[in-house]
Amino acid sequence: MLVYALYNFILNISASVSQTWLLQEVKTGYLYINIINFLYSLFVLLTSPIWSRVMQKKGTYRSLAVACFVLAASYGAYAFVNTGNFLWLMTTVRLVQHGVGMLQTFSVNNMLYISLPRKDQTNYTSCYTFAGNAAVFLGMSTGTTIVAAMGDKHLDLLGHCISAPAMTLLVQGALTALLGVFVLLIRKKVETKDFRN
């Protein structure tokens, strides 16, 4: 449950601010965002069988770690999207995220079933869902807090001006990489333990 909660927390740090940032600061436009988001459905159809086989062969925790490392790099690159480069950089980042999306989804959704006990499954599932939703709320609140704390200030990083919403993506990328490391560290202990008794 801890990995699931951490995942939901991290995944939502930029969720409350990224859309506004893309429209107002990066100036992408609704059409572009909708086309990019629509493409995910095609990636679901094309990559689901592949990632399903990979996950069955490599296991849930290794698959999640791989997805975390790819996503961490993509969030880092996403932070450097601006008006002048969004067409190629954001498109590349989002397509990479789409490509690994089903591996991420399969492995995260499988977490519940790995440790689901035989007794009180309804209670356990409810607790699991509550923890995940609370983590989503805390993640979005954290992103909003970062933006409120930074205000209109910009950080000069590698010759680029990073605004507060872009900073949430950098934080999200760093935490996603740390989650990948954490998942690998606990993998053997968790995969070999039988929680179902």
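These figures come from a predicted structure and were not determined experimentally. (Residues numbered from 1 in each chain as written. Predicted model: local features only at pLDDT ≥ 70, side-chain atom pairs only at ≥ 80, totals over all residues. Heavy atoms only, no water.)

Observations concerning the overall build of the protein
The condition is simple: Numbering goes from the N terminus for both helices and strands, where a helix is a DSSP run of H or I of at least four residues and a strand is a run of E of at least two. Exposure categories follow from relative accessible area, calculated using a 1.4 Å probe and restricted to protein chains: below 20% of the type maximum is buried, above 50% is exposed, and the middle band is partly exposed. Throughout, a contact is declared for two residues whenever any of their heavy atoms are within 4.5 Å. Note on areas: these come from Shrake-Rupley sampling with a 1.4 Å probe, and a residue is covered only by the protein chains present in the view. This count recognises Lys and Arg as positive and Asp and Glu as negative, with His and chain-terminal groups excluded. Note on charges: their place is set at NZ of Lys, CZ of Arg, CG of Asp or CD of Glu.
When helices and strands are tallied, the protein shows seven helices and two strands. Moving toward the C terminus, one meets the helices and strands of the protein in the order α-α-α-α-α-α-β-β-α. Judged by the C-alpha coordinates and their principal axes, the protein covers about 55 × 35 × 30 Å. When the 197 residues of the protein are sorted by exposure, 44% land in the buried category. Considering only contacts within the protein whose residues lie at least 6 apart along the sequence, 77% involve residues at least 24 apart. Of the roughly 10,800 Å² of accessible surface on the protein, 67% is carried by carbon and sulfur atoms. Across the protein, the mean location of the 14 positive side-chain charges is 14 Å away from that of the 6 negative side-chain charges.

Observations regarding a positive patch on the surface
The cut-off we apply is this: A residue counts toward a patch only above 30% relative accessible area and without a salt bridge, and it is joined to like-charged neighbours within 9 Å or, for Val, Leu, Ile, Met, Phe, Trp and Tyr, to nonpolar neighbours within 5 Å. One side-chain nitrogen of Lys or Arg within 4 Å of one carboxyl oxygen of Asp or Glu is enough to make a salt bridge.
A surface patch of positive charge is lined by Lys57, Lys58, Arg62 and Lys188. Tracing the chain through its elements places Lys58 in helix α3 (residues 30-58).

Digging into unusual backbone geometry
Residue Lys27 is not a glycine yet carries a positive backbone phi of 65°. One can find Lys27 in the loop between α2 (18-26) and α3. Owing to a relative accessible area of 53%, Lys27 belongs among the exposed residues under this scheme. In the Ramachandran plot, Asp120 falls in the positive-phi region, its phi being about 55° despite a non-glycine side chain.

Here we look at the environment of Leu46
Turning to its location among the elements, Leu46 is positioned in helix α3. Classification of Leu46 as exposed rests on a relative accessible area of 63%. C-alpha separation for the pair Leu46 and Thr92, spaced 46 residues apart in sequence, amounts to 17 Å.

Concerning the side chain of Ser163
Stated formally: The term polar contact refers here to a pair of N or O atoms within 3.5 Å; inside protein, the definition further demands a hydrogen-donor-capable atom paired with an acceptor-capable atom, and it admits residues adjacent in sequence only when both atoms are side-chain atoms.
Note on placement: Ser163 falls in the loop between β2 (160-162) and α7 (164-192). A distance of 3.1 Å separates polar atoms of two side chains, one belonging to Ser163 and the other to Glu25. Setting aside anything within four residues of it in sequence, one finds Ser163 in contact with Trp21, Glu25, Met150, Lys153 and His154.

What to know about the packing of aromatic side chains
Operational definition: When the centres of two rings from Phe, Tyr and Trp lie within 6.5 Å, Trp using its six-membered ring, the rings pair. Their planes under 30 degrees apart give stacked, over 60 give edge-to-face, and anything left gives tilted.
Using the criterion set out here, one finds four aromatic pairs in the structure. Centre to centre, the rings of Tyr4 and Tyr128 are 4.3 Å apart; their planes meet at 15°, and the pair counts as stacked. Here Tyr4, found in helix α1 (residues 2-11), pairs with Tyr128, found in helix α6 (residues 121-150); they are 124 residues apart in sequence, far enough to count as distant. By the ring-pair criterion, three or more aromatic residues cluster together here, those being Tyr4, Tyr124 and Tyr128.

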